[in-house]
Amino acid sequence: MNNTHPVILISGSSGMVGRNLIEHPESNKYNILTPTSKELDLLDYSAVRCYFQNMKPDIIIHAAGRVGGIQANMAHPVDFLVQNWDMGRNLLIAARESGVKNLLNLGSSCMYPRDAENPLKETMVLKGELESTNEGYALAKVSVARLAQYLCQEDGTLQYKTLIPCNLYGRWDKFDPSHSHLVPAIIVKVHQAMEKSDEFVEIWGDGLARREFMYAGEVADAIWYCVQNLNKLPQNTNIGIGQDYSIMDYYTAVAAVCGYKGSFKYDLSRPVGMKQKLVDTKILNDLGWRSKQSLIQGIEKTVEFYRKEIFK
Ligand SMILES: NC(=O)c1ccc[n+]([C@@H]2O[C@H](COP(=O)([O-])OP(=O)(O)OC[C@H]3O[C@@H](n4cnc5c(N)ncnc54)[C@H](OP(=O)(O)O)[C@@H]3O)[C@@H](O)[C@H]2O)c1
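About the criteria used
Residues numbered from 1 in each chain as written. Predicted model: local features only at pLDDT ≥ 70, side-chain atom pairs only at ≥ 80, totals over all residues. Heavy atoms only, no water. Pairing = 2+ DSSP bridges. Helix = DSSP H or I, 4+ residues; strand = E, 2+ residues; numbered from the N terminus. Axes fitted to C-alpha atoms, helices over the stretch in contact; angles between N-to-C directions. Contact = heavy atoms within 4.5 Å. Phe/Tyr/Trp six-rings, centres within 6.5 Å; stacked < 30°, edge-to-face > 60°. Buried < 20%, exposed > 50% of the residue type's maximum accessible area, 1.4 Å probe, protein only. Lys NZ or Arg CZ within 6 Å of the ring centre and 35° of its normal. Salt bridge = Lys/Arg side-chain N within 4 Å of Asp/Glu carboxyl O.

Engineer: For this particular structure, what's the right way to read the sheet that holds strand 8 (residues 210-211)?
Structural biologist: Two orientations exist for strands paired in a sheet by backbone hydrogen bonds: parallel and antiparallel. Ordered in space as 11-8-13, the three strands form an open sheet in which the pairing is mixed. Bordering the open sheet on either side are strand 11 (245-246) and strand 13 (276-277), each of which pairs with just one other strand.

Laid out in structure tokens, this is it:
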């Protein structure tokens, strides 16, 4: 423990975002607390309050959550709503009760209404109906973001801000098809097709829906930048790459990186979610942070991780 470094608690430190935050060189400037869910269950309010009062973090990054792709969200809306609300509520209220002044809460672009105009501005939260395939998760995320805002309204000494990242992928992602998001799901499908010498890979929907995916190493870079600039952030700030691609583009990019030579077949009976999801990055860009990594570079690093750690 370095006595001159601030103490920062990262919830969800074993998750994709948490691990990328810890791997980032900026983490060396802090004494980092990384309790696992076994050591500190965020669903247990008393345990959370006791931990904060003992460890006295200067800053908290709330990156824990029940997170999953479209299939998991549709199958378990109760868990996605209740667990994400309970974790956020417990963590934010315990932080206030324990005198923690600085906190970054991770929201999600699922917080935006399904018919909101793209690019999605931070002011669009709660301006329309949510996408039904992940409504429970989105309701919890919106509620925790509003709780952070209310806590700041009631106590002007608190800096509890919400970051709203676009979709993410990268090292430490989930590759199990029942929990995975789009990019790791494509990586697995393409590897399976290559193993079995399949002539095509199936795509859910027509491949035309557009999505913005950021490499998790970059989101970690943006979050650390926000830690340094916490007092300059507005209540809610998007994190994104400022560009979206079609689902088909993601399949094509993964196929190119993996060397898959087959083609694609569309399953139009499958759900695809929103038609477009691109966040407005003006606030973060004006603050001085901008994405630098190309889609191919991010996919190359993720495929390398998958081949080394998962597909052995
Ligand atoms: N992944 C994305 O595409 C994406 C996009 C936008 C925003 N976000 C947000 O970013 C944050 C992190 O996402 P992620 O992708 O890193 O998720 P993840 O890989 O699924 O990690 C979730 C983390 O939460 C922890 N956790 C779950 N239940 C817990 C509990 N009861 N007590 C304590 N910890 C608990 C898990 O710990 P255990 O492993 O020990 O259970 C794990 O470390 C979430 O708020 C998510 O909504 C993610």
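Having seen it, we continue.
Engineer: Explain the sheet that holds strand 4 (residues 102-106) here, please?
Structural biologist: Pairing within the open sheet is parallel, and its six strands lie in the order 2-1-3-4-5-10. The sheet terminates laterally at strand 2 (31-33) and strand 10 (236-239), the two strands that pair on one side only. Averaged over all pairs of adjacent strands, the angle between their axes in this sheet comes to 20°, without regard to strand direction. Pairing of strand 5 (residues 159-165) with strand 10, which is carried by four bridges, proceeds in the parallel orientation. Each bridged residue has a counterpart across the sheet, and for Ile164 the counterpart in strand 10 is Asn238. Across the face of the sheet, helix 4 (residues 77-97) comes into contact with strand 1 (7-11), strand 3 (59-62), strand 4 and strand 5 while running at roughly 175° to strand 3.

Engineer: What exactly am I supposed to notice about the packing of aromatic side chains here?
Structural biologist: Each pair of aromatic rings is reported with the distance of its centres and the angle of its planes. In this structure the tally under the stated criterion is ten aromatic pairs. For the pair Tyr245 and Tyr250, a centre-to-centre distance of 5.8 Å together with 75° between the ring planes defines the contact as edge-to-face. Accessibility assignment for this pair places Tyr245 and Tyr250 in one class, buried. Site record: aromatic cluster; members linked through ring pairs are Tyr169, Phe213, Tyr215, Tyr245 and Tyr250. When the ring centre of Trp172 is taken as reference, the NZ or CZ atom of Arg19 above it lies at 4.1 Å.

Engineer: I keep staring at the pattern of salt bridges and nothing clicks. Help me out?
Structural biologist: A side chain of one charge can pair with a side chain of the opposite charge if their charged atoms are brought near each other. Enumeration over the complete set of coordinates arrives at eleven salt bridges. Residues Glu23 and Arg171 are paired through a salt bridge, measuring 3.0 Å at the closest nitrogen-oxygen approach. One end of the pair, Glu23, is in helix 1 (residues 16-23); the other, Arg171, is in the loop between strand 6 (167-169) and helix 6 (182-195), and 148 residues separate them in sequence. For Glu23, a relative accessible area of 39% puts it in the partly exposed group. By relative accessible area, Arg171 is classed as partly exposed at 28%. Taking the shortest distance from any N to any O, the salt bridge between Asp267 and Arg270 comes out at 3.3 Å. Judged by relative accessible area, which is 18%, Asp267 ranks as buried. Residue classification places Arg270 among the partly exposed positions, given a relative accessible area of 36%. Salt bridges sharing common partners tie together Arg96, Glu97 and Glu154.

Everything listed here is a matter of coordinates, which is why it stays silent on function.
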